[in-house]
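Structural description and commentary
Listed here are the chains, written in short residue letters.
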2 protein chains.
Amino acid sequence: MTGINRKFELAVRPLGMPKRSDWNYKEEPAREPNQGELLVKILYISLDPAMRGWMNEGKSYVPPVPIGEVMRALALGRVISSKNLEFAVGDSVYGRPGVQTLATSDGNGLSKVDPNGSPLPTYLGTLGMPGMTAYFGLLDIGQPKAGETVVVSGAAGAVGTVVGQIAKIKGCRTVGIAGGAEKGRFIVDELGFDAAIDYKSEDLRRALQTHCPNGVDVYFDNVGGDILNTVLTQLARGARIVICGAISQYNNTTPIKGPSNYLSLLVNRASMKGMVVFDYASRYPEAARELADWIAGGKLKTREDIVEGFETFPETLLRLFTGANTGKLILKVADA
Amino acid sequence: MTGINRKFELAVRPLGMPKRSDWNYKEEPAREPNQGELLVKILYISLDPAMRGWMNEGKSYVPPVPIGEVMRALALGRVISSKNLEFAVGDSVYGRPGVQTLATSDGNGLSKVDPNGSPLPTYLGTLGMPGMTAYFGLLDIGQPKAGETVVVSGAAGAVGTVVGQIAKIKGCRTVGIAGGAEKGRFIVDELGFDAAIDYKSEDLRRALQTHCPNGVDVYFDNVGGDILNTVLTQLARGARIVICGAISQYNNTTPIKGPSNYLSLLVNRASMKGMVVFDYASRYPEAARELADWIAGGKLKTREDIVEGFETFPETLLRLFTGANTGKLILKVADA
C-alpha cells in the first residue's frame with residue numbers, strides 16, 4: 001500500500017490571476033515504485049513567481065505545463081520506499097516532483113540534501129533556486145563594485161532579500177523597493193539594507209533621488225512595470241539592470257507594459273540583461289557553499305513564509321502576486 | 001571685411017516635427033578673428049538624427065542647445081583667415097561650428113582633414129560620426145561573430161549602411177530593415193546585405209522569421225518603436241541589442257513607446273545596451289584607419305545624400321525623419 005496521492009493538475013490556462021477552478025484537485029493511490037524507482041513523501045513545496053509563467057502557452061525558457069498534468073513545482077521530501085540503489089528510505093531529497101503529496105520517481109532530477117546542514121525549508125529558499133538566482137544575477141550580471149548603489153525590487157521576497165544582503169556583503173549601498181511599511185522595516189532593521197522605499201505610499205522617483213544621490217549603478221528587477229520604468233530615470237552612468245522577472249505583469253489581462261524610458265540606457269551607456277538561473281546549474285555547488293558560509297557567519301539571514309495545508313495551494317500561490325508574503329513562500333504539506 | 005554670416009538659431013523648442021518657425025534665420029557680418037582665432041568658411045553641414053534630441057529640454061548625454069543660439073551641428077569647412085598658428089588659410093577642417101556659413105573659432109574642437117585622402121563629405125559620413133557610431137556600436141557592443149545573424153534598422157541611413165557592411169566583412173549574415181523597395185535594392189545590390197526587409201510593406205515578424213531562421217544574434221537599433229519591439233520577438237539565445245537611437249520616436253508628441261516585449265531579454269538571456277559614440281573619441285583614429293582601408297579595398301562603400309542650399313536647412317533636416325534620405329544626409333553650403 002503506497003497511500004493516497006493528492007495533486008493539483010492544471011485544468012485550464014488562467015486569464016489573469018489563477019482561480020481555484022483553473023485547477024483539478026485529485027486523489028488517487030500513488031503508483032508503487034518499479035525496479036529502479038522510489039517513492040517520495042513531499043514535505044515542502046516551493047511556490048515561485050516563475051510558476052505563473054509556466055502556466056501560459058507559448059515559447060519561453062521552459063515548455064509550458066501541459067493541460068491535465070500535475071503542476072510543475074520544486075519541492076523537498078523524504079524517501080519512504082526505494083527500489084533505487086542511489087536512494088535509501090529516510091533520505092531527504094530535493095527536486096521538481098510538482099504539486100502533489102506523494103511522488104513516484106526514477107530518481108532523475110532528484111538530489112539528496114543534508115537535513116543536518118540547514119533547516120529543510122532553506123534548501124528551497126536561500127540555498128535553493130531563489131538564492132541561486134540572487135547570487136548569479138547580482139554577481140554575474142549586475143557585477144556590483146564596493147561603494148556602488150544597488151537597488152532591488154521585490155526586496156522583501158525570496159530573491160530580493162538575498163540580493164540586498166549580498167550587495168551589503170560586497171560593500172554596496174543597498175536600497176530595497178517593497179510594498180508596505182512592515183516589509184521596509186524588515187529589510188532595513190533585520191536584513192541591514194541601507195534604505196527601503198514603500199512603492200505603495202511613496203513617490204518612487206523622489207525616494208530614489210533621496211536614497212541614491214549618485215544614481216543607481218545596479219538595478220535588480222523582479223517586478224517590471226512602472227517600477228522598472230521609474231528606476232530607468234535614475235540610472236548612473238554605466239548602470240547594469242538585471243532582468244530577473246516581472247511579477248507585476250504576470251497576471252496582466254492587457255498587454256504588458258514596456259519600459260518607455262528605455263532610452264535612458266543610451267543616455268547613461270547602461271545595459272539591461274536577462275537571466276535564467278538554470279544556466280548556472282554547473283556552478284550551484286560553489287554558490288551554495290558561499291551562501292551557506294555567509295549564513296553560518298551571520299552575514300546572511302534567511303526568512304521563509306511557510307503556509308500549512310496542501311489543499312490551500314490555489315490560494316496560497318496568489319500570496320506571491322498580492323504581495324502578501326515576506327521571504328520565501330513555501331507550502332508545508334506534511335511533517336518531517 | 002569677413003563677409004556676411006548666415007545662420008539658423010533655435011527659436012523655440014519644437015513640438016513634434018520641427019517647423020521653419022522653430023528657427024530664427026539671421027544674416028550678420030562674421031566676427032573678425034582675434035589673435036589666436038581663425039575664420040572658417042563652411043562647405044558641408046552634417047544633418048544627423050541626434051540633432052532632434054539636442055533641441056529638447058532636459059538631461060541627456062549633452063546639454064540641450066540653448067534657445068537663441070546657433071543650432072549645434074558638425075560641419076566641414078575651409079580656413080579663409082587665420083591668426084592661429086595651428087591652422088593656415090586653405091586648411092580643410094572638421095568640427096562642430098553649428099548651422100552657419102562662416103564661423104569664427106579659437107580652434108578648439110576643430111581638426112584638420114586631408115582633402116586628398118577622401119572626398120570631403122566622407123569625413124562627415126563613413127569616416128565621421130556615423131561611421132564611428134557604426135564601428136564601435138557594432139564591434140564593441142554588438143560583438144558579432146562570423147556566422148551569426150546581424151539585423152540593423154535604418155539600414156539605408158548613414159549609420160546603418162556602415163553597420164551592415166562591417167557585419168558582412170566580419171562574416172555575418174546581414175539583414176537590413178529599411179522603408180521602401182528602392183532602399184532595399186540599394187543595400188542588397190550595391191552594399192551586399194544578404195536581405196532587406198521593407199517595414200512599410202512587409203509583415204516584419206514574418207520577414208524576420210524568413211531571413212533569420214536561427215534568430216537574431218545582434219540587433220543594431222537606430223529606430224526604436226514597433227520595429228525594436230518586433231525584433232525582440234525573434235532573438236536568438238544570448239542576443240545583443242545595441243541601442244544607438246530611436247528615430248521613430250524623436251518627433252513624438254505622445255509618450256514614447258516602450259518595448260513591451262522586453263522580457264524576451266530574459267527568456268533568451270539577451271542584453272540591450274546603450275551607446276554614445278563620444279565615449280570612443282580616443283579610439284577614433286584606429287577606427288578611421290580601418291574604415292579607410294576597407295574603403296580603399298572596395299569592401300566598404302560610402303553613400304552621401306547631398307542637398308544644396310543653406311536656406312533649405314529646416315526642410316532638409318526633416319528628410320531624416322520622413323525617411324527621404326539614403327546614406328549620409330549632408331547640406332552643401334558652398335563650393336570648395
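These remarks concern the structure in this document. (Residues numbered from 1 in each chain as written. Chains lettered and ligands numbered in written order. Predicted model: local features only at pLDDT ≥ 70, side-chain atom pairs only at ≥ 80, totals over all residues. Heavy atoms only, no water.)

**Some thoughts on the environment of Arg72(B)**
All names here are of chain B. By the element assignment, Arg 72 lies in the loop between α1 (50-54) and β4 (75-82). Classification of Arg 72 as buried rests on a relative accessible area of 13%. Considered as a pair, Arg 72 and Pro 97 are 25 residues apart in the sequence and their alpha carbons are 7.1 Å apart. In contact with Arg 72, other than residues within four places in its own chain, are Met 51, Trp 54, Val 62, Pro 63, Pro 64, Val 65, Arg 96 and Gly 98. A polar atom in the side chain of Arg 72 sits 2.9 Å from the backbone oxygen of Pro 63. (Helix = DSSP H or I, 4+ residues; strand = E, 2+ residues; numbered from the N terminus. Buried < 20%, exposed > 50% of the residue type's maximum accessible area, 1.4 Å probe, protein only. Contact = heavy atoms within 4.5 Å. Polar contact = N/O pair within 3.5 Å; in protein donor to acceptor, adjacent residues only side chain to side chain.)

**Focus: the packing of aromatic side chains**
If you walk through the whole model with that rule in mind, you get 16 aromatic pairs over all chains. Each ring, one from Phe8(A) and one from Tyr25(A), has its centre 5.2 Å from the other, and the planes form 55 degrees; the classification is tilted. Residue Phe8(A) is located in strand β1 (residues 4-10), and its partner Tyr25(A) is located in strand β2 (residues 23-29); the two are separated by 17 residues in the primary sequence. The partly exposed category is assigned to Tyr25(A), whose relative accessible area is 33%. An aromatic cluster is defined as three or more aromatic residues linked by ring pairs; in this entry it consists of Phe8(A), Trp23(A), Tyr25(A), Phe310(A) and Phe313(A). One cation-aromatic arrangement involves Arg72(A) over Trp54(A); the distance from NZ or CZ to the ring centre is 5.3 Å. One residue, Arg303(B), lies across the ring of Phe186(B), its end atom 4.4 Å from the ring centre. (Phe/Tyr/Trp six-rings, centres within 6.5 Å; stacked < 30°, edge-to-face > 60°. Lys NZ or Arg CZ within 6 Å of the ring centre and 35° of its normal.)

**What about the pattern of salt bridges?**
This structure, assessed with the given rule, holds 38 salt bridges over all chains. Shared partners join several salt bridges into a network, and the residues in it are Lys7(A), Glu9(A), Lys26(A) and Glu28(A). (Salt bridge = Lys/Arg side-chain N within 4 Å of Asp/Glu carboxyl O.)

**Describing the nonpolar core**
Judged by nonpolar contacts, the single largest core of 56 residues is most densely connected at Tyr219(A), Ile241(A), Tyr219(B), Leu235(B) and Ile241(B). With residues near it in sequence (within four places) discarded, Tyr219(B) still touches Val151(B), Val152(B), Ser153(B), Ile227(B), Leu228(B), Val231(B), Arg240(B), Ile241(B) and Val242(B). (Core = buried A, V, L, I, M, F, W, Y, C linked by side-chain atoms within 4.5 Å.)

**What about helix α4 (residues 181-190) of chain A?**
All names here are of chain A. Those residues of α4 not exposed but buried are Lys 183, Gly 184, Phe 186 and Ile 187. One side of α4 holds all its buried residues, which, seen down the axis, span an arc of 160 degrees. Opposite its buried face, α4 presents the exposed residues Glu 182 and Asp 189, each directed more than 90 degrees away. Of the surrounding elements, those touching the buried residues of α4 are α3 (158-169), β9 (173-178) and β10 (195-198). Directly after α4, the chain includes Gly 192, whose backbone phi takes a positive value near 85 degrees. (Arc of directions from axis to C-beta.)

**A closer look at the pairing of strand β3 (residues 38-46) of chain A**
Residues and elements named next belong to chain A. By the criterion of burial, β3 is predominantly enclosed, with eight of the nine residues buried. Pairing geometry for β3 and strand β4 (residues 75-82), over seven bridges, is antiparallel. Along β4, the bridge assignment pairs Leu 39 with Ser 81. Of the pairings in the sheet, the one linking β3 to strand β6 (residues 102-105) comprises four bridges and is antiparallel in character. Directly across from Val 40, in β6, lies its bridge partner Ala 103. Where β3 lies against strand β15 (residues 328-332), three bridges are found, and the strand directions are antiparallel. Bridge assignment links Tyr 44 to a residue of β15, and that residue is Lys 332. (Pairing = 2+ DSSP bridges.)

That's the geometry; what it means functionally is another story.
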